[in-house]
Amino acid sequence: MHFEKALITGGNGNLGRLLAKSLRDSGVATVQFDIPGSEPPDPMDEEIIVIGDVRDQALLSDTFDKHKLDAVFHLASLLSGSSEANPDEAWDINATSSYRLLKRSVDAQVKCFFFASTLATYGAGVTDPLPEQEQQWPDLLYGVTKVAVERLGVYYKLKHGLDFRCLRFPLVLSPFAPPGALTAYPSHAMKSACDGGNQFTFPVSGHIGTSTLFLDDVIQSIVSLAKADQKRLKQHVYSLHSFVLTGDMIEQAIKKRYPEFHVDYAPQPAAEHMLGGLPDVVEDQAARDDWDWQPQFDFDRTVDAMFELFSGR
Ligand SMILES: NC(=O)c1ccc[n+]([C@@H]2O[C@H](COP(=O)([O-])OP(=O)(O)OC[C@H]3O[C@@H](n4cnc5c(N)ncnc54)[C@H](O)[C@@H]3O)[C@@H](O)[C@H]2O)c1
């Protein structure tokens, strides 16, 4: 698949900004669209940034007209905690705005529309390892909005020929994890140790495991899927997996480097429910077969990379 100028909604976020850089490195111009307050402190000359809200249809219309976009990477979203806390806003941003963006992308005849979905589209208590064809019955609003957009994207693909591509990510381990994300505690704990802290409280029990990917593999997976030959893609949506992550594993990895660091466990019901309900292992053979998905980062390599980034090496 070849495209030249991509809109990235949520383009100043944890994944969005790195995705923009990776696309630019591969010869694709990018437009990062994100809300006020998201502006990077150190924008690069080649970064094109549009500040606005995905609910603002006039601004989106202007952005499509002005930049002659031929691909969309739709990452803007309220995440799990904020969706549950602000359900009306979550539906407007995550679902209604996605519906409008899909329609607009069909009208603009973009060559590719990528959507970032999540394991949270499955409810708690799914089969583990999670089969690729498991039913999706999310029990949190975040997952409900995401599964709705998966279905809408497939509808526009089948009915209007939109080249809709979608990945369901598990927990993403990232040094840039958003502060409020329930799933960000491993990253925040490592950073605290690296910054000289001596204690961190984990919001889930140490034995709870979750399927996980490192940030770099996530970015690579999005670019690979978007550029894959359409003829090879037999599925509408692909699940991905690299390794299982538990609080105990994070604690050990930190203590190996910072033996004095102390971890407490104060499980919060929302975090236990969400992370405890996610599978440890997700079957992702279809992605490996169809577009050669192969994660590069196992747990040890991920931890090394995170500590390197935190310590600025
Ligand atoms: N990080 C993970 O663990 C993970 C896992 C599965 C799926 N995802 C999905 O990947 C995508 C990116 O996640 P992330 O980790 O970069 O999170 P993030 O919060 O850093 O990125 C989301 C971005 O969307 C922007 N945004 C929110 N509301 C907006 C609005 N109304 N208009 C325009 N922009 C708006 C935010 O400012 C933010 O920059 C999201 O869709 C998320 O659901 C992330």
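Residues numbered from 1 in each chain as written. Predicted model: local features only at pLDDT ≥ 70, side-chain atom pairs only at ≥ 80, totals over all residues. Heavy atoms only, no water.

A. Expanded view of the overall build of the protein chain. Summing up its helical and strand segments, the protein chain has 11 helices and 12 strands in all. The C-alpha atoms of the protein chain give 19 Å as radius of gyration, which agrees with the globular expectation for 313 residues (20 Å, within 12%). Along the first, second and third principal axes, the C-alpha atoms of the protein chain reach 55 × 45 × 40 Å. Per-residue burial for the protein chain yields a buried fraction of 54% across its 313 residues. (Helix = DSSP H or I, 4+ residues; strand = E, 2+ residues; numbered from the N terminus. Rg over C-alpha atoms; globule rule 2.2 N^0.38 Å. Buried < 20%, exposed > 50% of the residue type's maximum accessible area, 1.4 Å probe, protein only.)

B. Just the pairing of strand β9 (residues 209–214), in detail. Of all the six residues making up β9, six are buried; the element is thus mostly covered by neighbouring parts of the structure. Both faces of β9 are covered, namely the face carrying Gly209, Ser211 and Leu213 and the face carrying Thr210, Thr212 and Phe214. Of the pairings in the sheet, the one linking strand β7 (residues 171–173) to β9 comprises three bridges and is parallel in character. Within β9, the residue paired with Leu171 across the bridge is Thr212. Relative to strand β11 (residues 243–246), β9 runs antiparallel, the two being bridged by four bridges. Following the sheet pairing, Thr212 is matched in β11 by Phe243. (Pairing = 2+ DSSP bridges.)

C. How the structure looks around unusual backbone geometry. Across the junction of Asp128 and Pro129, the peptide omega takes the value 0°, indicating a cis bond. Along the chain, the position of Pro129 falls in the loop between β5 (112–118) and α5 (141–160). You will see that Lys68, though not glycine, has its phi angle at about 50°, which is positive. Note that Lys68 resides in the loop between α2 (57–67) and β4 (71–74). For Lys68, a relative accessible area of 65% translates into the label exposed. Phi at Asp292 takes a positive value of approximately 60°, unusual for a residue other than glycine. Its relative accessible area of 52% is what places Asp292 among the exposed residues.

D. Expanded view of helix α8 (residues 247–257). Along α8, the residues classified as buried are Gly247, Ile250, Glu251, Ala253 and Ile254. Projected down its long axis, α8 shows its buried positions confined to an angular sector of 165°, all on one face. Counted as exposed and oriented over 90 degrees from the buried face of α8: Gln252 and Lys256. Summarising the contacts, the buried residues of α8 are in contact with α6 (185–194), β8 (199–202), β11, β12 (262–265) and α11 (299–310). (Arc of directions from axis to C-beta. Contact = heavy atoms within 4.5 Å.)

E. Examining the sheet that holds β9 more closely. Read from one edge to the other, the open sheet built from three strands follows the order β7-β9-β11, with strand pairing classed as mixed. A strand with exactly one partner marks an edge of an open sheet, and here the two such strands are β7 and β11. Pairwise comparison of adjacent strand axes, ignoring direction, gives a mean angle of 55° for this sheet. Across the face of the sheet, helix α7 (residues 215–227) comes into contact with β7 and β9 while running at roughly 65° to β9. (Axes fitted to C-alpha atoms, helices over the stretch in contact; angles between N-to-C directions.)

F. Quick peek at the domain arrangement of the protein chain. Domain assignment breaks the protein chain into domain 1 (5–171 + 214–239) and domain 2 (175–211 + 242–280 + 297–310). The centre of domain 1, based on its C-alpha atoms, is set 26 Å off from the matching centre of domain 2. Summing the contributions of domain 1 and of domain 2, the shared interface buries around 1,700 Å²; its carbon and sulfur component is 74%. Ranking the residues of domain 1 by area buried against domain 2 places Asn14, Leu171 and Phe214 at the top, with a combined share of 37%. On the surface where domain 1 and domain 2 come into contact, there are zero salt bridges. Summed over the shared surface of domain 1 and domain 2, the number is five residue pairs in polar contact (both at pLDDT 80 or more). With three residues, α7 is the single largest residue contributor to the side of domain 1 that touches domain 2. In terms of residue class, the side of domain 1 that touches domain 2 is built from 12 nonpolar, five polar and four charged. (Domains from an automatic or database assignment. Buried area = accessible area lost by both parts, 1.4 Å probe. Salt bridge = Lys/Arg side-chain N within 4 Å of Asp/Glu carboxyl O. Polar contact = N/O pair within 3.5 Å; in protein donor to acceptor, adjacent residues only side chain to side chain. Nonpolar A, V, L, I, M, F, W, Y, C, P; charged D, E, K, R; others polar.)

G. Local environment of the site of the ligand. Taken together, 24 residues lie around the ligand, and Leu15, Asp34, Leu75, Tyr142 and Lys146 are the ones closest in. Gly13 places a main-chain nitrogen or oxygen 3.3 Å from an oxygen atom of the ligand. Between the ligand and Ser77, the relevant distance is 3.5 Å, taken from an oxygen atom to a main-chain nitrogen or oxygen of the residue. Listing elements by their share of the shell around the ligand, those giving two or more residues are β5 and α5. Counting residues per element, the shell around the ligand draws most heavily on β5, which supplies three residues. Counted by class, the shell around the ligand contains 13 nonpolar, eight polar and three charged residues. (Near = heavy atom within 4 Å.)

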